[in-house]
Amino acid sequence: MAHGFFLTDDPWLLLPSAEGGTVQERSLRTALLEAHEFGDLVVEVPTQRPAVFRQVLLPALVDALGRPADEREWMRWFSAGRWTPEQRLKLTDYLDAHRELFDLFSPVRPFGQVAGLRNAKGETKSAGLIVATAATGNNVPLFASRTEGDSFSLTPAQAAHWLVHTQCWDTAAIKTGAVGDPKAKAGKTTGNPTSPLGQMGVTLLVGRTLFETLLLNIPVGAAPTSADLPQWRRREPADPRSAGTAQWQERAPEGLLDLWTWQSRRIRLFPEETDEGLRVTRVLVAAGDRMPHTPETEPHTMWRVEPTGGRSPGRSKAGAAPPRRPLRLQPGKAAWRGLDALLAPERQSRDAGEKTSGFATSKLLDQAGALAPELGEAYPLRVELSGVSYGNQSAVIDDVMFDALPLPLAALDADSDVRSALLEVAEQAEQLATAVNHLSADLRRALGTEPIPWDKGQRPGELVLHALDPLVRRLLIGIRGVEDLERIEAGQLAWEQLAWRRSWEVADRLLQAVPIGAFVGRSVSQEGKPERTHRVSLAEASFLKRRAEILHRAAAARRNGTLPDSE
């Protein structure tokens, strides 16, 4: 029995109204044509959002309308707030012409899959294999509510989301050896890298409406070449009785559309009619195309830039752009703690040579910074950062990382006072955490024990960063649209006042927990060094001195009597 689910016309995208109304499932056609009426895309897990944007929304839009040729044309599109009648007609014609290519269960060209994909024994696996939060094989999430033995069924809408998620974030675990894949051995394929987004920290720009979000994530540039096609227009129809298209290759993307819709896996969904309706209960996941490296045209990642000086063999020659590697997110680290990378000008980093900060922001953030005068300094830009931490040879998912930051556009200007202020605030927070860690180490020495190793256990500095997190986010919102240096300084002073108290609250808890015996102190002598005494009073005095040096505005205000001299 033939099944059909057309992403163009069947509802599968959860979207609220732009005013924040009830969330409803919409089709791709409705989402694109009426993008100005909708707010943020609602997903089951945060990593699904960039997958849906890159694998479906953005490439369909760009393939239909092209990209703005330059920033001036981009701004004309953006200022309209919605698609023009001509653009709506192009989108409608495109979706009509390619409707059959968006059928999730087509027997000939299923969307994002390979028709007829099978292994030699005709076996399939539970649909939970493509669900990152499900327990399958060695991938067992800590708080999973299901086990591998449970039956797993997905609605067509859920299957579409997890399909594109797998193409973007799949693990490097062993894959099924598909019939027609000459590189498969003993029914398996090994050596698979993680899917492309798993090798980077993804920075997705978010605006006030879906329309704005779409445009914010389209880099300006020339029209795509004839070879740069989205995956649904790249593959030839396949005989569903064969699996010849299971073969994969290692190659570089042909362009942006190819990159966005990269088929890192060969997948086949198996739908069936159940008492609850059409459901996907079984799947096959085989090896897919491999990129030799992430191309510099990738618009959704920040970069680690190696200095040009002191090159080792294999690095770029003199005069060439510094080699770059995608910057990955660190588990448990708030996004604002990486502001030095997020705000590192992409264009200037190419010419920075040895003076580079070591980072470059994403192409899209750099573009938004260049458009700041037209967008307005008060524009409520939000940056969503997502990533996956893999474990056990990248064969399992250890952690899914997500954070969202309100980012003042002025901060993207390398010479702005806002940028300098935010970088100083982030550095102060890190220094306060270090100061509390030093206090903890000194108190432990006064007790006759060793400090907590930097790579083991939870050090108290993390409590400081947790306490400061809402303060930094409040500052990011409050400084938006502020250009006057005096107001920026006032904001920094207010931040330091609050940070002064919050850091002391953590330090005071450490001091209160110290037993009386530690107040006497302990003298330690090391060979070749003078004897040193560790006691509580010295540890506290050292912390207070460090705090005053770090929060110099608040300390100066207290010395001048403009603020009360209290902890």
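Here goes a summary of the coordinates provided. Numbers given for residues are sequential positions, taken from 1 along each chain in its written order. Local features in this predicted model are restricted to residues of pLDDT 70 or higher, and side-chain atom pairs are both shown and tallied only at a pLDDT of 80 or more, whereas totals for entire chains, interfaces and linings draw on every residue. Side-chain numbers here rest on the full set of heavy atoms in the structure, without hydrogens or water.

### Points about the overall build of the protein
- Note on conventions: DSSP H or I runs of at least 4 residues are helices, E runs of at least 2 residues are strands, and numbering of each starts at the N terminus. Helix and strand counts for the protein come out as 17 helices and 15 strands.
- With 567 residues in all, the protein has 52% of them scored as buried.
- Look at the contacts in the protein between residues 6 or more apart in sequence, and 71% of them connect residues 24 or more apart.
- What sets the accessible areas is the Shrake-Rupley method with a 1.4 Å probe; for residues, cover comes only from the shown protein chains. As presented, the protein carries roughly 26,000 Å² of accessible surface, and 49% of it is formed by carbon and sulfur atoms. Throughout, exposure labels follow a simple rule: accessible area from a 1.4 Å probe, protein chains only, divided by the maximum for the residue type, with under 20% read as buried, over 50% as exposed, and the rest as partly exposed. Two residues form a contact once any of their heavy atoms are found within 4.5 Å.

### A few points about the pairing of strand β8 (residues 277–287)
- With 9 of 11 residues buried, β8 is to be regarded as a mostly interior element.
- Being paired, for any two strands, means DSSP has found at least two bridges between them. In terms of strand pairing, strand β3 (residues 125–126) meets β8 through 2 bridges, oriented antiparallel. Of the residues in β8, the one forming a bridge with Ser126 is Arg282.
- For strand β7 (residues 265–274) and β8, the ladder comprises 10 bridges, and the chain directions are antiparallel. Counterpart to Phe270 in the pairing with β8 is Arg282.

### A few points about helix α15 (residues 485–512)
- Helices are assigned an expected span. That span is 1.5 Å times one less than the residue count. The first and last C-alpha atoms of α15 sit 40 Å apart over 28 residues, in line with the 40 Å expected at 1.5 Å per residue.
- For α15, the full list of buried residues reads Ile488, Gln492, Trp495, Glu496, Ala499, Trp500, Ser503, Trp504, Val506, Ala507 and Leu511.
- Buried-residue contacts for α15 involve α13 (417–447), α14 (461–478), α16 (536–550) and α17 (552–559).
- N or O atoms within 3.5 Å of each other form a polar contact, as long as, within protein, one can give a hydrogen and the other can take it, and as long as residues adjacent in sequence are counted only when both atoms are side-chain atoms. Residue Asp484 occupies the N-cap position of α15, its side-chain oxygen lying 3.1 Å from the main-chain nitrogen of Glu486.

### Here's the deal with the pattern of salt bridges
- When a carboxyl oxygen of Asp or Glu lies within 4 Å of a side-chain nitrogen of Lys or Arg, that pair is called a salt bridge. Counting across every chain of the model gives 26 salt bridges.
- A salt bridge links Arg88 to Glu34; the shortest N-O distance between them is 3.0 Å. One end of the pair, Arg88, is in helix α4 (residues 85–97); the other, Glu34, is in the loop between α1 (28–33) and α2 (48–65), and 54 residues separate them in sequence.
- Given the relative accessible area of 29%, Arg88 is considered partly exposed.
- Each of Asp9, Arg29, Asp96, Arg99 and Glu100 takes part in a single network of salt bridges with overlapping partners.

### Quick look at the sheet that holds strand β6 (residues 202–206)
- Strands sit in the order β6-β12-β13 across an open sheet of 3 strands; the sheet is antiparallel. Two strands close off the open sheet at either side, each with one partner strand: β6 and β13 (396–406). Direction aside, neighbouring strands of the sheet carry axes that sit 20° apart on average.
- Across 5 bridges, the pairing between β6 and strand β12 (residues 382–391) is antiparallel. For helices, the fitted line uses only the C-alpha atoms of the stretch in contact; every axis is such a line through C-alpha atoms, and the angle between N-to-C directions lies from 0 to 180 degrees.

### Some thoughts on the packing of aromatic side chains
- Only centres within 6.5 Å qualify two rings of Phe, Tyr or Trp (six-membered ring in Trp) as a pair; their planes then separate them into stacked at under 30 degrees, edge-to-face at over 60, and tilted for everything else. Applying the stated rule across the entire model yields 8 aromatic pairs.
- Ring centres of Phe102 and Phe111 lie 5.4 Å apart, and the angle between their planes is 20°; on these two criteria the pair is classed as stacked.
- The class of Phe102 is buried, set by a relative accessible area of 0%.
- Site record: aromatic cluster; members linked through ring pairs are Trp74, Phe78 and Tyr379.
- Stacked on the ring of Trp248, the Lys or Arg Lys183 has its end atom at 4.0 Å from the ring centre. Note on geometry: a ring has a charge over it if NZ (lysine) or CZ (arginine) is within 6 Å of the ring centre and within 35 degrees of the ring normal.

### Quick notes on the packing of α15 against α17
- Relative to each other, α15 and α17 sit at 85°, their axes nearing to 8 Å. Relative to α17, α15 is oriented roughly perpendicular. Contacts between α15 and α17 pair Glu489, Gln492, Leu493, Glu496, Gln497 and Trp500 from the former with His552, Arg553, Ala554, Ala555, Ala557 and Arg558 from the latter.
- Across the contact of α15 with α17, the residue classes tally to 5 nonpolar, 3 polar and 4 charged. Roughly parallel means an angle under 35 degrees; roughly antiparallel means over 145; roughly perpendicular covers 65 to 115; every other angle is labelled oblique. Classification used: nonpolar for Ala, Val, Leu, Ile, Met, Phe, Trp, Tyr, Cys and Pro, charged for Asp, Glu, Lys and Arg, polar for all others including Gly.

Limitation: the analysis is restricted to geometry and does not speak to function.
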